[in-house]
Amino acid sequence: SDIIFQHHIFKLFILLALLGLGAAQHNPHTKHGRTAIVHLFEWRWADIAAECERFLAPNGYAGVQISPPNEHITLTSPWYPWWQRYQPTGYNLCSRSGNENELRDMITRCNNVGVNIYVDVVINHMCGAGGGEGTHSSCGGWFSASRKDFPSIPFTNMDFNDHKCRTGSGDIENYGDANQVRDCRLVGLLDLALEKDYVRGKVAGFMNKLVDMGVAGFRVDACKHMWPGDLQNTLGRLHNLNTKWFSGGSRPFIYQEVIDLGGEPITSREYFHLGRVTEFKYGAKLGTIFRKWNGEKLSYTKSWGEGWGFMPDGNALVFIDNHDNQRGHGAGGAAIATFWDPRIHKMAVAYMLAHPYGVARVMSSFRWDRNFVNGKDQNDWIGPPSHGNGATKPVPINPDQTCGDGWVCEHRWRQIKNMATFRNVVNGQPHANWWDNQSNQVAFGRGNRGFIVFNNDDWNLDVTLNTGMPGGTYCDVVSGNKDGGRCSGKQIQVGGDGHAHFKISNQDEDPFVAIHADSKL
Ligand code: AAO
């Protein structure tokens, strides 16, 4: 009977494996043990190609989320806002970031150095209903928003949802009503009828062109506003990844933007079988914790992850801030830790990269002139650094490896870059050796491969901890770099018993310390 039992278990495994194949879109297909994705928000394709070769591959970044590559509306009032790229006017591949040849060149060059490209795709809608008509479009194609006519695809007025929407305005008025969230217009954007075979085919065709060019997957915009069944059908039409760079039978990685902070009828859970889902609670909570708002303490994060009511680990795409909530769009509010608060931002990003939960995405931003009136930034629309004619500026690299011309390049900051490496080095190791002072000083390790200590209290940290790591002298990758046998930062002595003494002043520029197997001197 033991043998029969084993036989049944075996059959069950085969069945599960087969079922998994169709919807196995949770795997980011990263290369060389790399783990972290960076969103190079609004970068030009030519700059991303160069960044893959000169920085991302050498520093172990796994992939890049790119801004929407397809034809989009161009607006002059306000002046070329960043959000014009969330208003498609066609599926030809010319955008503010460059043309199709530049896109193809970037995908090829990044793939050739093992850096994956994930495309932000806007498939829920086209441009705003008030977008007018003409050729103010990034490829110069003609369209008419009022007639719902997008001839380059083509989509006509029959391909939109308006007849299904039951609100007076035609817009989403109440997030408490799932039907209007899916069938009405998100902030006035023309809502595609993804229930139609024709529309599904056009959307899948657009995505398949990118798959065939070699991208590894997609960030799918506004998934809350699409029915999971419609998405399932559309995503089911996607080709396997290009075997020039990926193993045969690889499904595109899918991560769906669904904002679920609780309190609405539509939940992230409805989308788990289709791919990963953005876990918005992660950055909202961690920002609150590092800001010490609402009585939150870092010590409460001992059970960080599923223990905090977040979605299952295998479904989560995590981030500290994104292109919306770093400027007050989307959800999360003032708690979100952005580059504007660099000390808190670095700690929060380091915590995310050290912690095993989820697939992690780092934000890489551009600066803009903020102008708060009654708590709202009047300049939340400002687009990337650009010339007078609206053309996006290249990203210049300074001698000290930072970026110029208003590009922030958080992913290049030493503390963040080194923590991306930390995440690779500890990949697959369990969360271990937790310590806290019941306040805002905490430490944890990852098996015997890495250890991190935070002091977010208003007093010094001075403590001996079990790191779980082999004895030796380690370079702290937060205060410095290990360069050959030398360390430009603090050195940490780990004894033969795995214990080490840590001292972190609350006045330090970065009040945290991280060591890992590859930072051993
Ligand atoms: C622009 C103009 C509009 C104009 C429109 C059409 O700004 O005035 O009407 O053009 O002409 C981006 C910009 C938009 C821009 C749009 C198109 O952010 O300002 O509109 O491009 O150019 C919802 C969606 C979510 C979406 C988010 C911004 O569910 O999918 O809004 N994010 C994506 C992209 C984003 C993009 C689009 C979608 C559209 O990342 O960049 O828009 O392609 C609740 C709901 C959320 C909802 C938010 C905001 O959140 O739960 O689902 O997100 O409201 O409406 C607490 C709650 C939290 C709540 C939050 C805010 O935190 O806990 O649940 O408050 O109330």
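Since this is a predicted model, take the numbers as computed values, not measurements.

**Structural notes on the overall build of the protein**
A tally of helices and strands in the protein yields 9 helices and 24 strands. Since a compact globule built from 521 residues should have a radius of gyration of about 24 Å, the 24 Å found for the protein is in line with a globular shape. Seen through its principal axes, the protein has C-alpha atoms that stretch 75 × 75 × 45 Å. Out of the 521 residues belonging to the protein, those deemed buried represent 57%. Within the protein, contacts between residues at least 6 apart in sequence are counted, and of these 68% link residues at least 24 apart. Surface accessibility of the protein: about 20,000 Å² in total, with carbon and sulfur atoms responsible for 50%. Positive and negative side-chain charges of the protein, numbering 51 and 52 respectively, have mean locations separated by a distance of 4 Å.

**Description of the state of the cysteines**
Chemically, a disulfide is nothing more than a covalent bond linking the sulfur atoms of two cysteines. In the structure shown here, the tally under the stated rule is 5 disulfides. Each sulfur of the disulfide joining Cys165 and Cys184 lies 2.1 Å from the other. Where Cys165 bonds to Cys184 through sulfur, the torsion about that S-S bond is close to 100°, and the disulfide is right-handed. Here the residue Cys165 occupies a position in the loop between β6 (143-144) and α4 (178-183), and Cys184 occupies one in the loop between α4 and β7 (189-191), the gap between them amounting to 19 residues. Residue Cys165 shares its accessibility class with Cys184, and that shared class is buried. Here Cys475 connects covalently by a disulfide to Cys487, the sulfurs 2.1 Å from one another. Disulfide Cys475-Cys487: the torsion about the S-S bond is 70°, which places it as right-handed. A residue pair is termed long-range when its members are at least 10 positions apart, and Cys475 in strand β19 (residues 472-475) and Cys487 in strand β21 (residues 486-487) qualify at 12 residues. Since its relative accessible area comes to 0%, Cys475 is described here as buried. According to the relative accessible area criterion, Cys487 is buried, its value standing at 15%. The connectivity of the disulfides in the protein is 1-3, 2-4, 5-6, 7-8, 9-10, where the numbers refer to bonded cysteines in sequence order.

**Section: the environment of Phe366**
Here Phe366 lies in the loop between β12 (359-364) and β13 (372-373). Judged by its relative accessible area of 0%, Phe366 is buried. Contact partners of Phe366, with chain neighbours within four places excluded, come to Phe41, Glu42, Trp82, Arg327, Phe339, Ile382, Gly383, Pro384, Pro385, Gly406, Trp407 and Val408.

**Section: the pairing of strand β11 (residues 316-319)**
Where burial is concerned, the two faces of β11 agree: the one with Ala316 and Val318 and the one with Leu317 and Phe319 are both buried. Two elements, strand β10 (residues 276-278) and β11, share 2 bridges in a ladder whose sense is parallel. Along β11, the bridge assignment pairs Val277 with Ala316. Alignment of β11 against β12, held across 3 bridges, turns out to be parallel. Within the sheet, the bridge partner assigned to Val318 lies in β12 and is Ala360. With helix α8 (residues 342-354) bridging β11 and its parallel neighbour β12, the resulting β-α-β unit is right-handed.

**Thoughts on the sheet that holds strand β2 (residues 63-66)**
The 8 strands lie next to each other as β1-β2-β3-β8-β9-β10-β11-β12, forming a closed barrel whose pairing is parallel. Sheet twist, expressed as the average angle between the axes of neighbouring strands with direction ignored, equals 25°. In the packing of α8 onto the sheet, the strands contacted are β11 and β12, and the crossing angle to β12 comes to about 155°.

**As for the sheet that holds strand β24 (residues 512-516)**
Pairing is antiparallel in the open sheet, where 4 strands are placed in the order β15-β16-β17-β24. In this open sheet, the two strands that pair with only one neighbour each are β15 (431-436) and β24. Each neighbouring strand pair of the sheet contributes to a mean axis angle of 10°, computed without reference to strand direction. Note: strand β16 (residues 441-446) against strand β17 (residues 450-455), 6 bridges, orientation antiparallel. Following the sheet pairing, Gln441 is matched in β17 by Asn455.

Rules used in this analysis
The written sequence of each chain sets the order in which its residues are numbered from 1. Two thresholds apply to this predicted model, a pLDDT of at least 70 for residue-level local features and 80 or more for giving and counting side-chain atom pairs, whereas whole-chain, interface and lining totals are computed over all residues. For side-chain calculations, the full set of non-hydrogen atoms in the structure is used, while hydrogens and water are omitted. For the purposes of this entry, the term helix denotes a DSSP run of H or I that reaches at least four residues, the term strand denotes a run of E that reaches at least two, and both are numbered from the N terminus. As a reference, a globule follows 2.2 Å times the number of residues to the power 0.38, and the radius of gyration itself is taken over C-alpha atoms. Working definition: with a 1.4 Å probe on protein chains only, accessible area under 20% of the residue-type maximum means buried, over 50% means exposed, and in between means partly exposed. The contact criterion used throughout is that any non-hydrogen atoms of two residues lie within 4.5 Å. Per-residue accessibility takes into account occlusion by the displayed protein chains alone, with areas from the Shrake-Rupley method and a 1.4 Å probe. Positive charges come from Lys and Arg alone, negative charges from Asp and Glu alone, with His and the N- and C-terminal ends not counted. For this purpose, a charge sits on NZ of Lys, CZ of Arg, CG of Asp or CD of Glu. The term disulfide is used for any two cysteine sulfur atoms that are within 2.5 Å. One bridge is not enough; two strands pair if DSSP finds at least two bridges between them. With strands facing away from the observer, any crossover in which the path from the first strand over the helix to the second runs clockwise is taken as right-handed. What counts as an axis is a line fitted to C-alpha atoms, over the stretch in contact for a helix, and the angles between N-to-C directions run from 0 to 180 degrees.

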